[in-house]
Amino acid sequence: SDPYAQILARILGRPVDAVVRNAAAIDDPGGAATADEVARSDRFVNLFDLPAHQRVVLYVGQVMRGRGLRQLFEAISLVDDASLVVAGFGPDYERYQTIASALPHAHRIHFAGAVPPADIPEWTRGADVSAMPVQPDTLNHRFNTPTKLYDAMGVGVPVVASKLPGISPIVSETGCGVLCDPTDPADVARAIRDIIDAPADERIALRMRCLDAARTTYSWQRQAQELLRVYDELGV
């Protein structure tokens, strides 16, 4: 990320030659997004037998401290007609399952288990929102840009993301989602509602904007060009 590059430049006493983002490889880089391409799939409606109209908020990634899961558990109770899907695994998986099961709205929180990396795009397509309320509790969390941000953009799914240096600039620049205070469940819920309660045409336009941003800038195909440029300059 750019913030990490600035930190490294200070530590090393020299400019960083390039920032190569861990973006997702996507289909048709450079092509314009269409409404059909960004339509939500029925993966989670079918997997968890949800009503067809149910809105789906997806958390995908490590199930562990610092990723905002407890805040998401509380936030989803403040959003009407919405379910939270936790897709991933980690050292605190069982602990978070226990926490969720004790909540009054436990029936709206679903655990999907580990997801093979190659399947993440198709899983993400089943969501209305990809939520990543990373907590500002470590240097890495504050300045890292999560791969899941690029994964969501690459399939046209808007994000609710932490207002942190490693994430905010990309979300603001591309308009691919809504930023929030990740420590405040009410603000996380507000950001989710800003997306899923918008009129249908605005939601479709937002999804298309996400995919367009990935295809023009934030795709692995585009990032690989920068990496190859560095290799060429090194004579590799």
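Residues numbered from 1 in each chain as written. Predicted model: local features only at pLDDT ≥ 70, side-chain atom pairs only at ≥ 80, totals over all residues. Heavy atoms only, no water.

1. What to know about the pairing of strand E1 (residues 55-60)
- Of all six residues making up E1, six are buried, and the element is well covered by its neighbours.
- Judged by which residues are buried, E1 turns out to be covered on both faces: Arg55, Val57 and Tyr59 on one side and Val56, Leu58 and Val60 on the other are all buried.
- Handedness of the E1-helix H3 (residues 69-76)-strand E2 (residues 82-87) crossover: right-handed.
- Here two bridges tie E1 to strand E4 (residues 129-132), and the two strands are oriented parallel to one another. The partner of Val57 across the bridge, within E4, is Val129. (Buried < 20%, exposed > 50% of the residue type's maximum accessible area, 1.4 Å probe, protein only. Helix = DSSP H or I, 4+ residues; strand = E, 2+ residues; numbered from the N terminus. Right-handed = clockwise from strand over helix to strand, strands pointing away. Pairing = 2+ DSSP bridges.)

2. Looking at the environment of Leu8
- Following the sequence through the fold, Leu8 ends up in helix H1 (residues 2-12).
- It is 38 Å that separates the C-alpha atoms of Leu8 and Ile196, two residues lying 188 residues apart in sequence.
- Apart from the residues within four sequence positions on either side, Leu8 is in contact with Gly13 and Val16. (Contact = heavy atoms within 4.5 Å.)

3. Quick word on the layout of surface pockets
- Considered as a void within the structure, the largest pocket measures approximately 310 Å³ in volume.
- For the largest pocket, the lining is made up of 16 residues, of which Ala25, Ile26, Pro121, Gly154 and Val155 are closest to its centre.
- Elements with a minimum of two residues in the lining of the largest pocket: helix H5 (120-124), helix H7 (147-154) and helix H10 (200-216).
- When residues of the lining of the largest pocket are assigned to their parent elements, the largest contribution, three residues, is made by H7.
- Residue composition of the lining of the largest pocket, grouped by class: eight nonpolar, three polar and five charged.
- Its volume calculated, the second largest pocket comes out at about 240 Å³.
- Taken together, 13 residues line the second largest pocket, and the ones lying closest to its centre are Arg40, Asp128, Arg203, Ile204 and Arg207.
- Mapped by element, the contributors of at least two residues to the lining of the second largest pocket are helix H9 (185-196) and H10.
- For the lining of the second largest pocket, the element with the highest residue contribution is H10, accounting for five residues.
- When its residues are assigned to classes, the lining of the second largest pocket shows nine nonpolar, no polar and four charged. (1 Å grid on protein atoms, 1.4 Å probe; cavity = no way out; pocket = protein on both sides within 12 Å on 5 of 7 lines; lining within 4 Å. Points joined across faces, edges and corners; volume = space filled by probe spheres on them. Nonpolar A, V, L, I, M, F, W, Y, C, P; charged D, E, K, R; others polar.)

4. Some points on H7
- Extensive coverage of H7 is indicated by the burial of seven of its eight residues.
- When we look at burial in H7, the residues that qualify are Lys148, Leu149, Tyr150, Asp151, Ala152, Met153 and Gly154.
- Those residues of H7 that are buried are in contact with E1, H5, E4, strand E5 (159-162), helix H8 (168-174) and H10.
- Just downstream of H7 lies Gly156, where phi reads positive at about 75°.

5. Things to note about the environment of Ala32
- Topologically, Ala32 is positioned in the loop between H1 and helix H2 (43-47).
- For Ala32, a relative accessible area of 61% puts it in the exposed group.
- If sequence neighbours within four positions are ignored, Ala32 has contacts with Glu37, Asp212 and Arg215.

6. A look at the side chain of Arg67
- Along the polypeptide, Arg67 turns up in the loop between E1 and H3.
- Comment: no salt bridge for buried Arg67; closest opposite-charge side chain is Asp137, at 7.4 Å.
- Separated by 3.4 Å, the side chains of Arg67 and His141 make a polar contact.
- Arg67 has contacts with Tyr59, Gln62, Pro133, Val134, Gln135 and His141, leaving out every residue within four places of it along the chain. (Lys, Arg positive; Asp, Glu negative; His and termini not counted. Salt bridge = Lys/Arg side-chain N within 4 Å of Asp/Glu carboxyl O. Polar contact = N/O pair within 3.5 Å; in protein donor to acceptor, adjacent residues only side chain to side chain.)

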